[in-house]
Amino acid sequence: MTFNKREKAKIGWELRPSFSVSQNEDRRQVLDLIQKYFDCGYIRRDYSDKTVKFEIRDHRDLLSKVIPHFDKFPLFSKKQKDFELFKEICSLVSQKRHLTKEGFSQIIHLAYQMNGSGKRKRTKEEMIGSLNS
């Protein structure tokens, strides 16, 4: 989930839900298989941690391919909770709730509960505070 400041966006922020899997370069073929399975997305080098990343950002593909897959084949780890939050966020985006300050704030709260080990440029408080300024 990425949040980008965009002056032209209705509330000044752009939201981009995404599904991604990273591997070391020597395991790239795993990402090729995942991409073939989902029949969408792209593979790119991630210079920040020297890995290769498979990523799906298209909202329709997230709704029609990724979410149904993980509904059918649940994860057996903490990632299942992250998936449930992700699914809720995608649903809110489909309802266009991300275009209101209240809905965007709700999405921020959900997103900041996901991927505890992930890196964030801004704190949740900074993000929510910027909506009210």
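It should be noted that the structure appears before, not after, this text.
Residues numbered from 1 in each chain as written. Predicted model: local features only at pLDDT ≥ 70, side-chain atom pairs only at ≥ 80, totals over all residues. Heavy atoms only, no water.

Attention now moves to unusual backbone geometry. The phi dihedral of Lys50 falls on the positive side, at around 55°, and the residue is not glycine. For Lys50, a relative accessible area of 73% puts it in the exposed group. Positive phi is not limited to glycine here, since Lys96 has a value of about 65°. With respect to the helices and strands, the residue Lys96 is situated in the loop between helix 3 (79–94) and helix 4 (101–111). By relative accessible area, Lys96 is classed as exposed at 54%. (Buried < 20%, exposed > 50% of the residue type's maximum accessible area, 1.4 Å probe, protein only. Helix = DSSP H or I, 4+ residues; strand = E, 2+ residues; numbered from the N terminus.)

So, about the sheet that holds strand 4 (residues 42–46). As summarised here, the arrangement of the three strands in space is 3-5-4, forming an open sheet in which the pairing is antiparallel. This sheet does not close on itself; its edge strands, each paired only once, are strand 3 (19–23) and strand 4. On average, each strand axis in the sheet is tilted by 25° relative to the strand beside it, whichever way the strands run. Relative to strand 5 (residues 51–56), strand 3 runs antiparallel, the two being bridged by five bridges. Its bridge partner lying in strand 5, Phe19 is registered against Ile56. Seen against the sheet, helix 1 (residues 28–38) touches strand 3, strand 4 and strand 5 and runs at an angle of roughly 5° to strand 5. (Pairing = 2+ DSSP bridges. Axes fitted to C-alpha atoms, helices over the stretch in contact; angles between N-to-C directions. Contact = heavy atoms within 4.5 Å.)

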